[in-house]
Amino acid sequence: MFKRFLIILASVLLLAGCAAKTPQDQNADLDKPGQQAGMDLPVGDQGQTGSGVGQGNETAQSASLGNIHLGDPFSQAEKILGKDYQETFYDEPGHFPEAWYSREYKQGIRLIVGKDSGKVLEIDAIAADFATNLGAKVGDTAERIKDVYADKYKPFESRHGEGPLEGFYLLEDGQLMIFDYNREDNQLVNTNVKPDSKVEMIRLTQSQYLD
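Just so it is clear, the model here is predicted, and its values are computed rather than measured.

(A) The arrangement of the overall build of the protein in detail. Per the secondary structure count, the protein includes 4 helices and 8 strands. Reading the secondary structure of the protein in the N-to-C direction produces α-α-α-β-β-β-β-α-β-β-β-β. Per-residue burial for the protein yields a buried fraction of 33% across its 211 residues. The contacts of the protein with a sequence gap of at least 6 include a subset with a gap of at least 24, amounting to 47%. Total accessible area on the protein is roughly 14200 Å²; 50% of this is exposed by carbon and sulfur atoms.

Structure representation (structure tokens):
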């Protein structure tokens with residue numbers, strides 16, 4: 001009789017233990033660190049929001065001055081600057097490939113426009129309102145100009161054996177960005193430039209137009 005009681009008791013305890021192991025208890029260990037199987041993102045995908053601004057997709061800007069480029073039709077420049085300018089016509093081409101107009105705006109910018117092509121051949125700016133595509137403008141120091149341009153472009157070499165010219169930078173397609181630190185001397189070549197010397201005029205032109 002006692003032996004049968006022990007067998008029944010053992011069976012009851014065994015059944016109670018199996019019933020206690022529910023599916024909820026089997027999943028409880030997933031709350032422990034390192035055990036969140038199937039929840040972690042694959043390496044390299046965590047926090048990824050896709051490419052966009054700031055992801056290296058920016059395209060390089062072409063050289064411009066006051067948002068105007070060499071080769072732009074003058075009609076396009078007029079949309080930016082308007083029609084209130086003083087015009088002077090030059091029948092002799094000089095350094096340019098054709099006869100040309102000088103069209104000067106009182107805001108502080110002048111365009112050289114080809115008579116036959118009607119395109120912008122050269123741009124001068126003497127006001128800070130007309131920045132280059134890299135953000136350089138009249139009034140900037142020589143130190144800032146070097147920070148912006150020296151690492152990106154080579155200095156333009158003098159054709160008269162004077163070496164690299166201060167403030168002259170050779171751009172793409174033979175274009176030339178010139179920063180003049182002294183307009184009063186009536187020459188583009190800079191002398192005695194100091195880090196705090198300030199830009200007084202910027203010219204965007206073609207290197208082939210220089211002597």
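What follows continues from the structure just given.
(B) Structural view of the side chain of Asn190. Here Asn190 shows up in the loop between strand E7 (175-180) and strand E8 (201-206). Given a relative accessible area of 11%, Asn190 falls into the buried group. In this structure the side chain of Asn190 is engaged in a polar contact, spanning 2.8 Å, whose partner is the backbone oxygen of Glu166. One polar contact links the side chain of Asn190 to the main-chain amide nitrogen of Tyr181, over a distance of 2.9 Å. Beyond its immediate sequence surroundings of up to four residues, Asn190 is in contact with Glu166, Gly167, Phe168, Phe179, Asp180, Tyr181 and Asn182.

(C) Fine view of the pairing of strand E2 (residues 100-105). The element E2 is extensively covered by neighbouring structure, given that 5 of its 6 residues are classed as buried. Pairing of strand E1 (residues 85-90) with E2 involves 6 bridges; the strand directions are antiparallel. Paired with Glu87 across the bridge in E2 is Arg103. As judged from the 6 bridges shared by E2 and strand E3 (residues 109-114), these two strands associate in the antiparallel manner. Following the sheet pairing, Arg103 is matched in E3 by Leu111. Between the antiparallel neighbours E2 and E3 lie 3 residues, among them Gly108 with a positive phi of about 115°.

(D) Quick peek at the sheet that holds E8. Read from one edge to the other, the open sheet built from 8 strands follows the order E1-E2-E3-E4-E8-E7-E6-E5, with strand pairing classed as antiparallel. With partners counted over all chains shown, the strands left at the sheet margins are E1 and strand E5 (154-157), one partner each. In this sheet, neighbouring strand axes are inclined to one another by 25° on average, regardless of whether the strands run parallel or antiparallel. The strands touched by helix H3 (residues 74-81) within the sheet are E1, E2, E3 and strand E4 (120-125), with E3 carrying the most contacts at an inclination of about 160°. Docked against the sheet, helix H4 (residues 142-149) engages strand E6 (164-170) and E7, running at close to 40° with respect to E6.

(E) Spotlight on the pattern of salt bridges. Within the structure shown, the criterion is met by 9 salt bridges. Note that Lys137 is salt-bridged to Asp140, the shortest N-O span being 3.5 Å. Judged by relative accessible area, which is 31%, Lys137 ranks as partly exposed. Relative accessible area serves as the criterion here: at 7%, Asp140 is assigned to the buried category. What you see here is one network of salt bridges that share partners, running through Arg110, Glu122, Asp124 and Arg203.

(F) Main features of the pairing of E8. Burial within E8 is extensive, with 6 of its 6 residues counted as buried. Burial of the side chains of E8 extends over both faces: Met201, Arg203 and Thr205 are buried on one face and Ile202, Leu204 and Gln206 on the other. Both E4 and E8 contribute to a ladder of 3 bridges, which runs antiparallel. Across the sheet, Ala125 pairs through a bridge with Ile202, a residue of E8.

What counts, and at which threshold
- Residues numbered from 1 in each chain as written.
- Predicted model: local features only at pLDDT ≥ 70, side-chain atom pairs only at ≥ 80, totals over all residues.
- Heavy atoms only, no water.
- Helix = DSSP H or I, 4+ residues; strand = E, 2+ residues; numbered from the N terminus.
- Buried < 20%, exposed > 50% of the residue type's maximum accessible area, 1.4 Å probe, protein only.
- Contact = heavy atoms within 4.5 Å.
- Areas by Shrake-Rupley, 256 points an atom, 1.4 Å probe, with all protein chains shown as cover.
- Polar contact = N/O pair within 3.5 Å; in protein donor to acceptor, adjacent residues only side chain to side chain.
- Pairing = 2+ DSSP bridges.
- Axes fitted to C-alpha atoms, helices over the stretch in contact; angles between N-to-C directions.
- Salt bridge = Lys/Arg side-chain N within 4 Å of Asp/Glu carboxyl O.

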